[in-house]
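# Observations on chain architecture
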Amino acid sequence: MGLRKVKTKIRQAQITEAALEVIGNNGFKGLTISALARRVGIADGNVYRHFKDKDAVLEAIINAIGIALKRIVKESCKEESDPLSCLEKVFTKHISFLENHRGIPRIIFSDEMYSGNKKLALKLKGNVMEYVEKIKNILRQGVRDESLDCNLDVDAAAIAFVGLIQSTALQWVLFGYSFSPKARGKKIWQIYLKGILSRR
């Protein structure tokens, strides 16, 4: 029984990863059960054994995104003791995560994501807002220890932080993945940093 459960989780993870690859290569509309089955190397019916439909696959992806964002913040703040270094680490890890999963930007910026299953759209929005709150907490710590501007608008700074990552990801998709988000992210971070640093 235990072995079967492990195999099921592995297969579900494979299908979820395959879905991201399909979306990354062929767009949101390219995600079909048949495409997933071909990517994983299984029959269509085996996909349905793990996910009842395409929305269930998308829900698994959204859950995976939420878990990944939490992990990025947790690991970054564990690796770096001061808020500013932690924030930079989160920024770098987040962009690296997107670069390694090119299907994620296409999901986030897809009209179909928001005009289709409202439950999925709300779950994705909830994941992003939870992430924004974690960024706000890091920024508040920086204001308290005076490494960041004491007059910093934390809400606006957190939205700008996420917005810079999203705009980089959107340009990456629009330009056919022709540049490295990580390389561009280093330059963008320096611009963002000048806006939030303490004026002391």
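Scroll up to find the structure.
Residues numbered from 1 in each chain as written. Predicted model: local features only at pLDDT ≥ 70, side-chain atom pairs only at ≥ 80, totals over all residues. Heavy atoms only, no water.

Time to look at the overall build of the chain. Secondary structure summary: the chain contains 10 helices and zero strands in total. Helices (α) and strands (β) of the chain occur, in sequence order from the N terminus, as α-α-α-α-α-α-α-α-α-α. Expressed as lengths along the three principal axes of its C-alpha atoms, the size of the chain is roughly 65 × 40 × 30 Å. By the burial criterion, 42% of the 200 residues in the chain qualify as buried. Computed over 34 positive and 21 negative side-chain charges, the separation of the two mean positions in the chain equals 6 Å. (Helix = DSSP H or I, 4+ residues; strand = E, 2+ residues; numbered from the N terminus. Buried < 20%, exposed > 50% of the residue type's maximum accessible area, 1.4 Å probe, protein only. Lys, Arg positive; Asp, Glu negative; His and termini not counted. Charge placed at Lys NZ, Arg CZ, Asp CG, Glu CD.)

Our focus in this paragraph is the packing of helix 5 (residues 83–100) against helix 10 (residues 181–196). The interhelical angle for the contact between helix 5 and helix 10, taken along N-to-C directions, is 150°, at an axis separation of 10 Å. Classed by the angle they form, the pair helix 5 and helix 10 counts as roughly antiparallel. The element helix 5 and its partner helix 10 pack so that their crossing is right-handed. Across the interface between the two elements, Leu84, Leu87, Glu88, Phe91, Ile95, Ser96 and Glu99 of helix 5 pack against Pro181, Lys182, Gly185, Ile188, Trp189, Tyr192, Leu193 and Ile196 of helix 10. Here the contact of helix 5 with helix 10 is built from residues that sort into 10 nonpolar, two polar and three charged. (Axes fitted to C-alpha atoms, helices over the stretch in contact; angles between N-to-C directions. Parallel < 35°, antiparallel > 145°, perpendicular 65-115°, else oblique. Left-handed = near helix turned anticlockwise from the far one by under 90°. Contact = heavy atoms within 4.5 Å. Nonpolar A, V, L, I, M, F, W, Y, C, P; charged D, E, K, R; others polar.)

Our next topic: the pattern of salt bridges. It is possible for side chains bearing opposite charge to pair when their charged atoms get close. Using the criterion set out here, one finds nine salt bridges in the structure. Across the pair Glu80 and Lys89 runs a salt bridge whose closest N-O atoms are separated by 3.6 Å. Accessibility expressed as a relative area gives 24% for Glu80, which makes it partly exposed. Accessibility expressed as a relative area gives 26% for Lys89, which makes it partly exposed. Several salt bridges converge on common partners, so that one network encompasses Glu75, Glu79, Glu80, Lys89 and Lys93. (Salt bridge = Lys/Arg side-chain N within 4 Å of Asp/Glu carboxyl O.)

Summed over all chains, the structure comprises five aromatic pairs. When the ring of Phe91 is compared with that of Phe161, the centres are 5.6 Å apart and the planes differ by 70°; the resulting orientation is edge-to-face. Taken together, the positions of Phe91 in helix 5 and Phe161 in helix 9 (residues 154–174) put the pair 70 residues apart, joining distant regions of the chain. With relative accessibility at 1%, the residue Phe91 sits in the buried group. The class of Phe161 is buried, set by a relative accessible area of 0%. Relative to Tyr192, the ring of Phe161 has its centre 5.9 Å away and its plane inclined at 65°; by these criteria the two rings are edge-to-face. Placement of Phe161 in helix 9 and of Tyr192 in helix 10 is noted, with a sequence separation of 31 residues between them. (Phe/Tyr/Trp six-rings, centres within 6.5 Å; stacked < 30°, edge-to-face > 60°.)

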